[in-house]
Amino acid sequence: LLGASCLELNGSDEYAYNSGTTWGFGDTWTIEFWFKTSTDSNMTLLDLHNDSNDHNRIHISTVASSNEIKVLPYDKDGYTSGGTLISSGFDFRDGKWHHVAFTSSGTGKELYIDGKLNASDSVALDRDNDPTMRLRLGRLHSSSSEHFNGCIDELRMWNAVRTSTEIRDNMFKSGYSNLSNNGGLMAAYDFDAGTGSDVNNANASSEVGARDLSLYDGGGLETSGLWAGSGTFTRGTSTLNMTGASG
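Below or above, wherever it landed, is the structure these notes cover. (Residues numbered from 1 in each chain as written. Predicted model: local features only at pLDDT ≥ 70, side-chain atom pairs only at ≥ 80, totals over all residues. Heavy atoms only, no water.)

### Quick look at the pattern of salt bridges
The final tally for this structure, using the stated rule, is ten salt bridges. The residue Asp47 makes a salt bridge to Arg57 at a minimum N-O spacing of 2.9 Å. Residue Asp47 is located in strand E4 (residues 43–49), and its partner Arg57 is located in the loop between E4 and strand E5 (58–63); the two are separated by ten residues in the primary sequence. On the basis of relative accessibility, which here comes to 1%, the residue Asp47 falls in the buried class. Overlapping salt bridges, with partners in common, bring together Asp40, Asp91 and Arg93 in one network. (Salt bridge = Lys/Arg side-chain N within 4 Å of Asp/Glu carboxyl O. Helix = DSSP H or I, 4+ residues; strand = E, 2+ residues; numbered from the N terminus. Buried < 20%, exposed > 50% of the residue type's maximum accessible area, 1.4 Å probe, protein only.)

### Some remarks on the packing of aromatic side chains
Overall, the coordinates contain nine aromatic pairs when judged by the stated rule. Centroid distance Phe35 to Phe148: 6.3 Å. Interplanar angle 70°. Geometry classified as edge-to-face. Of the two residues, Phe35 is situated in strand E3 (residues 29–36) and Phe148 in the loop between strand E11 (132–137) and strand E12 (149–158); the sequence distance between them amounts to 113 residues. Here Phe35 and Phe148 have matching classes, each one buried. The aromatic ring of Trp158 is capped on one face by Arg162, whose charged end is 3.6 Å from the ring centroid. (Phe/Tyr/Trp six-rings, centres within 6.5 Å; stacked < 30°, edge-to-face > 60°. Lys NZ or Arg CZ within 6 Å of the ring centre and 35° of its normal.)

### A closer look at empty space enclosed by the protein
Scanning all chains against the criterion turns up one cavity of 30 Å³ or more. In this model, the largest cavity occupies a volume close to 70 Å³. If you go around the largest cavity, the residues you meet are Glu154, Arg156, Gly175, Tyr176, Leu179, Ala188, Tyr189, Asp190 and Ala202. Every element with two or more residues in the lining of the largest cavity is listed here: E12 and strand E13 (185–189). Considering only residue class, the lining of the largest cavity consists of five nonpolar, one polar and three charged. (1 Å grid on protein atoms, 1.4 Å probe; cavity = no way out; pocket = protein on both sides within 12 Å on 5 of 7 lines; lining within 4 Å. Points joined across faces, edges and corners; volume = space filled by probe spheres on them. Nonpolar A, V, L, I, M, F, W, Y, C, P; charged D, E, K, R; others polar.)

And the structure:
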């Protein structure tokens with residue numbers, strides 16, 4: 001948990017949603033975020049979809065059968081010929097925070113787990129230049145299934161391929177002004193509000209409201225139940241790890 005709060009989803013009916021806009025990228029992009037879960041299930045972390053077909057879709061999910069993360073991008077005609085990336089040797093169910101970053105250059109893709117390159121390919125991906133898409137976090141597009149049970153934090157979407165150095169340098173930072181090389185940032189959500197049904201897109205010095213998110217549960221807009229509070233330190237049971245040079 002990097003800031004004051006994060007998105008905390010119950011795995012049954014809670015999710016974040018944008019009803020449709022352009023996101024500022026086509027073939028070249030990076031999507032990154034933090035997440036944690038202890039649930040062994042097929043769950044959707046992020047689904048960028050137009051709710052009509054799979055054209056230009058980007059779907060990031062957990063795979064229960066292999067305990068891995070799968071990133072499935074679709075081309076402009078709705079085919080997966082652009083290649084699927086699945087993490088290797090990574091168990092998402094450990095209840096710990098993990099950082100995921102997925103990059104696409106149009107001619108190849110890379111998947112980073114906790115700042116380290118985990119999987120890659122050299123398969124071309126041909127999306128439309130800047131399609132209008134709906135964004136859901138924690139739920140599969142319009143079918144209302146594959147709900148995510150766990151926490152999501154610091155989601156960022158770029159119209160550039162972030163390098164491994166940029167990913168590592170910024171993965172522990174929060175807030176637009178704190179990010180190095182922040183040009184190309186199309187959407188950013190720190191999930192620090194801790195209350196309310198809106199999540200502001202803070203991808204620049206001023207908010208770009210068309211990319212804001214709304215929070216929902218089975219009863220409609222939700223103002224409090226999807227937020228996590230800051231952790232506590234309990235003497236005798238909590239552990240504090242300190243690293244750095246002595247002196």
